[in-house]
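Coordinates in review
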Amino acid sequence: MSETATPSAPQTAPARAGAPADPQAFLREGVRWRWFETVFWPLTLLPFFVAETYLILASQIAITALFAISLDLIVGYSGLVSLGHAVFFGFGAYTAGILSKYGWGEPLSGLLAATLAATLLGYLTSFIIARITHFALIMVTLGLCLLMFELANKAHWLTGGDDGLQGMSMWPIFGIFEFDLYGCTAYAYSLIALFLSFLVIRRVINSPFGLSLRGMRENVRRMPAIGASIRKRIRVIYTISAGFAGLAGGLLAQTTQFVALDALSFQRSAETLVMLILGGAGQLYGGIVGAILFLVARDQLAGMNPQFWYFWLGLLLVLVIIFLPNGILGSLAKLTARRRRKP
Amino acid sequence: MTPRIVSLLFDGFAYGMLLFVLSVGLSVTLGMMNFVNLAHGSFAMIGGYTTVTLMRAWDWPFFATLPVAFVMAAAVAVVLERVLYRRLYRATDLDQALLTIGIVFMSIASAAYIFGTTQQPIEMPAYIRGRVQIGDFSFGVYRIFLVCAALLITAVLVVGLDYTRFGARVRAAVDNQRMARGLGINVDWVFAVTFAIGSGLAGLGGALAIEVVGLDPNFALKYLVFMLIVVAVGGMASIRGAFITAAMLGIIDMFSKYYVPEVGAFVLYAVMVGLLVWRPAGLFARR
């Protein structure tokens, strides 16, 4: 293989100019663990020791971060637009919730069921999604979300409608770890789920398939020209993303033992998009950083009138879009890259 | 035809005409500038609150406030277009959608802060509140007025777009922006004016809507979905498409609310998704 086989390699390779060109080098470079990653993940254990009162918030953050990362797969990496990703989150949440309400409170199998249900829904809708683009895509994703919301709202006998799904009872995990009031089990459970999902997603993104997704994002016309079917890839990534969103939804239902109609709402889709854009879409850690900033800020400002919260949220969104088009992480990455390039 | 059905048809049509006034501007701007403007409902809300304020604080008559509602919405829209929108004309759909969602959030919060979260009822002049009896059928006077106003606006838009010099420029800019520039048309200016007119119409629609659907801070989001359906199904930059879609939407919504209220908006969304999958560019797409 010659150097031209990996057109992306020169971006990362100049540091090792002397090494022989290797087509796999670029992919291997992506899989390698960075120093900030090995620092970040141990830090997520801190809430157990220093902030016991915030464990519930911490588990919310872990769940929301997982949801945001699942959205990142399609928005950040594949360049698709979705204003209705909450449809999978809510579907997973209701699956897990209804299972436990009607007598099966085993958490792990419930979570698996939530993931599978959302994956199936994602697979079915992906055929629609792969057919359309641009404005129609925005409208269809929004429409599917509104459709599901109305359905859950009207099916009062099953979902509790406006009142939310009440009366869930969760069994202890492995029969040992009871879900406690302080959220200790909940955070550990959510964190493990987040970390394992993150490993899988990280692997997917750094695989050749993940690379082809980024190719699709950069130039949707050129990909078919080099023999990569767009629709098939959209269907696969959309299904995967839906599955992880459902997993996050199932986690939320199980740890809070309640499902509100809000889990399916347009507002949830929009808020998660805001987090992702704030943190940086297509940056792997963008969803996590965005979720931490967003939820901590909302927790701190909770005493404030909710209308003010929405005002600042809107303003933040406008400022981020205008001044930080790649989010916080994207801008940081650009800064460090610029400094590194200077001799 | 029973009087009940005729009256439902008419009310639905009038409601559809209201939706048409609200969304025709979005159809043109979306089709022309390719800009996903989700803040269109906020412009409508500006018009509505302008009318409420003028009538409450200065005792203006309802009809005198309508031109002001138009101008206010158009003015705010032009300022936003110059300051924010134009930076994102070449950005992705997602960035445009998010920027305008941010504006929607801010407008909702501001409206709630200034006017409170309650509905804003207004006192309509007496001569427009009654009903007219024609044979067996009775029609609300205000709804008749709505239909007439919408038909007039449609006529003005169609004539303006098809038979004036400015309309020709707009059509040229929609069809092929680069070619239009090459022919010496000031496309930026055409955009700005069209955007102002479209947003002004939204403001007018917002003012007209108070009597029919009410006005509260969530208006911007609640009716955005209807506006987007009209544009998405009707096809972009198509006045005819927007007109027919809005009329159908109003009638379907009125009938389903009356006969199958338990189904709610479900049918509406299902039909929209189905139509968009069938014809992604809309039913009456120009291209």
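Right, let's walk through the structure included here.

Thresholds applied
Residues numbered from 1 in each chain as written. Chains lettered and ligands numbered in written order. Predicted model: local features only at pLDDT ≥ 70, side-chain atom pairs only at ≥ 80, totals over all residues. Axes fitted to C-alpha atoms, helices over the stretch in contact; angles between N-to-C directions. Helix = DSSP H or I, 4+ residues; strand = E, 2+ residues; numbered from the N terminus. Parallel < 35°, antiparallel > 145°, perpendicular 65-115°, else oblique. Left-handed = near helix turned anticlockwise from the far one by under 90°. Nonpolar A, V, L, I, M, F, W, Y, C, P; charged D, E, K, R; others polar. Contact = placed C-beta atoms within 7 Å. Buried ≥ 20, exposed ≤ 12 C-beta atoms within 10 Å, placed from the backbone. Pairing = 2+ DSSP bridges. Expected span 1.5 Å × (residues − 1).

1. Quick word on the packing of helix 1 (residues 3–33) of chain B against helix 11 (residues 239–259) of chain B
Any two packed helices are characterised by how steeply their axes cross, that is the angle between the axes, and by the distance between the axes. Residue and element names in this part refer to chain B. Axis separation between helix 1 and helix 11 bottoms out at 7 Å; the angle between their running directions is 140 degrees. Considering their axes alone, helix 1 and helix 11 lie oblique with respect to each other. Judged by the twist between their axes, the crossing of helix 1 over helix 11 is right-handed. Of the residues belonging to the contact of helix 1 with helix 11, the class tally is 19 nonpolar, five polar and two charged.

2. Notes on the interface of chain B and chain A
Often, the extent of an interface is quoted as the loss of accessible area upon association of its parts. Contact with chain B, which involves 34 residues of that partner, is made by 34 residues of chain A. Of all the secondary-structure elements, those providing two or more residues to the side of chain B that touches chain A are helix 4 (93–115), helix 10 (224–234) and helix 12 (266–278) of chain B. Classifying every residue of the side of chain B that touches chain A gives 27 nonpolar, three polar and four charged.

3. Comments concerning the environment of N305 of chain A
Residues and elements named next belong to chain A. If you trace the backbone, N305 turns up in the loop between helix 15 (286–300) and helix 16 (306–323). According to the C-beta neighbour criterion, N305 is exposed, with 12 such atoms within 10 Å. Remark: the alpha-carbon pair of N305 and Y54, spanning 251 residues in sequence, is separated by 22 Å.

4. Looking at unusual backbone geometry
Most peptide bonds take the trans configuration, and most residues that are not glycine carry a negative phi. A positive phi is found at Q257 of chain A, a non-glycine position, where the angle reads about 55 degrees. Counting through the fold element by element, Q257 of chain A comes out in the loop between helix 13 (230–256) and helix 14 (266–279). Judged by the 18 C-beta atoms lying within 10 Å of it, Q257 of chain A is partly exposed. Positive phi, close to 55 degrees, is recorded for D59 of chain B, a residue that is not glycine. Tracing the sequence through the fold places D59 of chain B in the loop between helix 2 (40–57) and helix 3 (62–83). What makes D59 of chain B exposed here is the crowd of 8 C-beta atoms within 10 Å.

5. Some points on the pairing of strand 2 (residues 137–140) of chain B
Across a regular strand the side chains alternate sides, sitting on one face of the sheet and then on the other. All names here are of chain B. Note that strand 1 (residues 131–134) and strand 2 share four bridges and pair antiparallel. Looking at the pairing, Q133 lines up with S138 of strand 2. Remark: two residues form the turn of the hairpin made by strand 1 and strand 2, two consecutive strands paired antiparallel; G135 in that turn has positive phi of roughly 60 degrees.

6. Brief notes about helix 3 of chain B
Residues and elements named next belong to chain B. For helix 3, built from 22 residues, the straight-helix expectation of 32 Å at 1.5 Å per residue is met to within 8% by its first-to-last C-alpha distance of 32 Å. Residues T65, L66, A69, F70, M72, A73, A74, V76, A77, L80 and E81 constitute the buried set of helix 3. Looking at the buried side of helix 3, the elements it contacts are helix 2 and helix 8 (187–213).

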